[in-house]
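Chain by chain, the residues run as shown.
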Amino acid sequence: MLDFDRKSVVLVTCPKGFSPYLRQELERMGFRIREEKTAGVEIKASLNECMKLNLYVRTGHRVLYQLKRFEASSPEDLYDNVKSMVWERILTPDDYLTVTSSVRTETVNDTRFANVKVKDAIVDRMREKTGRRPHSGPDLCGIIPFLYWREDDCVVYLDTSGDPLSRRGYRKFPAKAPLQETLAACIIMASGWFGKGNFISPMCGSGTLAIEAALIGLNGAPGLMRDDFAFMRLPGFDQEYWDKLCTEAENSERTDITGRIIATDIDPEAVEAARKNAREAGVEHHIEFGVCDFRDTEVPTNGGVVIINPEYGERLGSTSSLEKVYTAIGDFFKSKCQGYKGYVFTGNKELAKFIGLRTSRRLQFFNAKIECRLLEYEIYQGSVRRR
Ligand SMILES: C[S@@+](CC[C@H](N)C(=O)[O-])C[C@H]1O[C@@H](n2cnc3c(N)ncnc32)[C@H](O)[C@@H]1O
């Protein structure tokens, strides 16, 4: 049995570039930050608090609860240290075991080898202590020890999330090149939109930006849309406490958003997918959908943010025809979006130059492996053309 009140080091992981937004979220939840890393933020928390983190965090991917930290300079060191841990308190021979990891050490050159070493150590310990061994495999549907190994530094965590938190569960209807839900949440946080003013999403695709905006505007806990987290399979998990957390989260949701959320796309199928995804997320009636060219999107006069995620040639569309689209985005900002902050999220720096307006900020993000920029434009009467 695990003590769900016992605090330990907790690492909330995220893709490169997300840490400042994740840090903000954790601070707002009342956690003291131990360290902001390139791909995660470290705090101290109990397993009960890990449940809360899984429920509320918008920009993190996994909530990892530290079990043991040690030095290991060989696979044998790793095996011995992991085998000395009291695994029979954490799992039974009837549980299913999946070891995952992030390994960068000269000691092993194949991550899978390190995973097998950890799995062998756990299985051997269980066989010695109970006479039986748990089954293991790749599916994230049981107990998930996570190994972090850099040089000689080894940390064994329990992954309390399972599927990454980016998989909110609402995006059942795909469209072209969707943004990850957590990335969309970071982009919105970076824009400073928290529900006041309008949120305009031309080129909405599958609706990720508009749906995440609606969730932010309503203070909706993203974890409410999922019914499976790895912490639910840990010994000592209290279903009643989880139900209470979910009820609290539901009760703290707002019923309305002050600003309007408008989402449009030229592709009727994308808009249909976006509408259905919004329905899955329970926010359909907070978003005004429309099929049109982005230039014809309604932009109310009272200000807010406009966020455009155009194709950028890596995965869709050819670069030369996109040059005209990027120029037209600059014209659209200048002619229709005065009083707004305009944002373009793109993975193509050359295309971005065709927007032709002066950026007020350029923020780096990674969309999968592609280095991207969120370009910010403050649009006022007579915004300066750069070329
Ligand atoms: C990269 S995708 C956007 C993906 C979206 N952020 C998501 O998460 O699903 C670009 C979208 O722009 C749309 N698009 C391309 N040209 C357009 C135009 N001229 N007007 C409006 N939408 C356009 C495409 O149909 C596509 O859905």
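Residues numbered from 1 in each chain as written. Predicted model: local features only at pLDDT ≥ 70, side-chain atom pairs only at ≥ 80, totals over all residues.

Another aspect to go through is unusual backbone geometry. Most peptide bonds take the trans configuration, and most residues that are not glycine carry a negative phi. A positive phi is found at Glu 151, a non-glycine position, where the angle reads about 50 degrees. For Ala 177, which is not a glycine, the phi torsion comes out positive at approximately 40 degrees. Turning to its location among the elements, Ala 177 is positioned in the loop between strand S9 (153–159) and helix H5 (181–191). Look at Ala 177 and you get partly exposed, because 17 C-beta atoms sit within 10 Å. (Helix = DSSP H or I, 4+ residues; strand = E, 2+ residues; numbered from the N terminus. Buried ≥ 20, exposed ≤ 12 C-beta atoms within 10 Å, placed from the backbone.)

Okay, the sheet that holds strand S4 (residues 62–71) next. Overall, mixed pairing links the 7 strands, which are arranged S2-S3-S1-S4-S9-S8-S6 in an open sheet. The outermost strands of the open sheet, each flanked by one partner alone, are strand S2 (35–37) and strand S6 (100–104). The average angle at which neighbouring strand axes cross in this sheet is 30 degrees, direction not considered. Two elements, strand S1 (residues 8–13) and strand S3 (residues 40–45), share 6 bridges in a ladder whose sense is antiparallel. Note that in S3 the partner of Val 10 across the bridge is Ile 43. Across the sheet, helix H1 (residues 19–28) is in contact with S1, S2 and S3; its angle to S3 comes to roughly 20 degrees. (Pairing = 2+ DSSP bridges. Axes fitted to C-alpha atoms, helices over the stretch in contact; angles between N-to-C directions. Contact = placed C-beta atoms within 7 Å.)

Looking now at the domain arrangement of the protein chain. Considered domain by domain, the protein chain is made up of domain 1 (8–159) and domain 2 (181–220 + 259–378). One C-alpha centre belongs to domain 1, the other to domain 2, and the line joining them spans 35 Å. Taken together, the residues of the side of domain 1 that touches domain 2 sort by class into 3 nonpolar, 4 polar and 2 charged. (Domains from an automatic or database assignment. Nonpolar A, V, L, I, M, F, W, Y, C, P; charged D, E, K, R; others polar.)

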